[in-house]
Amino acid sequence: MTHHKIQPPWEFLLSASRTSLQSYELSRLGHAANLRKEMTQLLDTWLEENSAALLARWLMEQRERPFLAVESGSSADSHPKNGHSVSDNFLPDRSGTAPGNANLS
């Protein structure tokens with residue numbers, strides 16, 4: 001992408017009629033709107049590409065996770081000693097009573 005400084009045509013602007021200045025203004029605003037549209041499209045594309053790259057990174061990390069757990073110790077060591085796991089919080093006992101709350105009456 002080339003960067004160049006745009007110099008307004010001073011001689012034209014200083015000697016132009018009101019109608020010519022209005023026409024020039026509209027053409028510059030139209031050009032600015034087109035640039036904004038291009039920038040928006042580029043930004044959307046950039047966001048999509050970064051999202052795809054982050055998804056790939058996340059998938060790689062998820063695939064490495066089981067290997068890291070095996071390397072750091074046996075899977076039996078990763079369970080708590082009280083016999084309860086985090087999934088016990090989300091998968092309640094099917095009997096309808098919570099552990100330790102059987103006799104509340």
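Residues numbered from 1 in each chain as written. Predicted model: local features only at pLDDT ≥ 70, side-chain atom pairs only at ≥ 80, totals over all residues. Heavy atoms only, no water.

Caption draft 1: Just the overall build of the protein chain, in detail. Each helix and strand in the protein chain was counted, giving three helices and zero strands. Taken from N to C terminus, the helices and strands of the protein chain fall in the order α-α-α. The buried share of the protein chain, reckoned over its 105 residues, is 2%. Put simply, the protein chain shows about 10,400 Å² of open surface, and 59% of that area lies on carbon and sulfur atoms. (Helix = DSSP H or I, 4+ residues; strand = E, 2+ residues; numbered from the N terminus. Buried < 20%, exposed > 50% of the residue type's maximum accessible area, 1.4 Å probe, protein only. Areas by Shrake-Rupley, 256 points an atom, 1.4 Å probe, with all protein chains shown as cover.)

Caption draft 2: Main features of a nonpolar patch on the surface. A contiguous nonpolar surface patch, about 320 Å² in accessible area, is contributed by Leu43, Trp46 and Leu47. Here Leu43 is to be found in helix 2 (residues 18-72). (Patch = residues over 30% accessible without salt bridge, like charges linked within 9 Å, V, L, I, M, F, W, Y side chains within 5 Å. Salt bridge = Lys/Arg side-chain N within 4 Å of Asp/Glu carboxyl O.)

Caption draft 3: Region of interest: the packing of aromatic side chains. For the structure shown, the criterion picks out one aromatic pair. Lying over the aromatic face of Tyr24, Arg28 brings its terminal NZ or CZ to 5.8 Å of the ring centre. (Phe/Tyr/Trp six-rings, centres within 6.5 Å; stacked < 30°, edge-to-face > 60°. Lys NZ or Arg CZ within 6 Å of the ring centre and 35° of its normal.)

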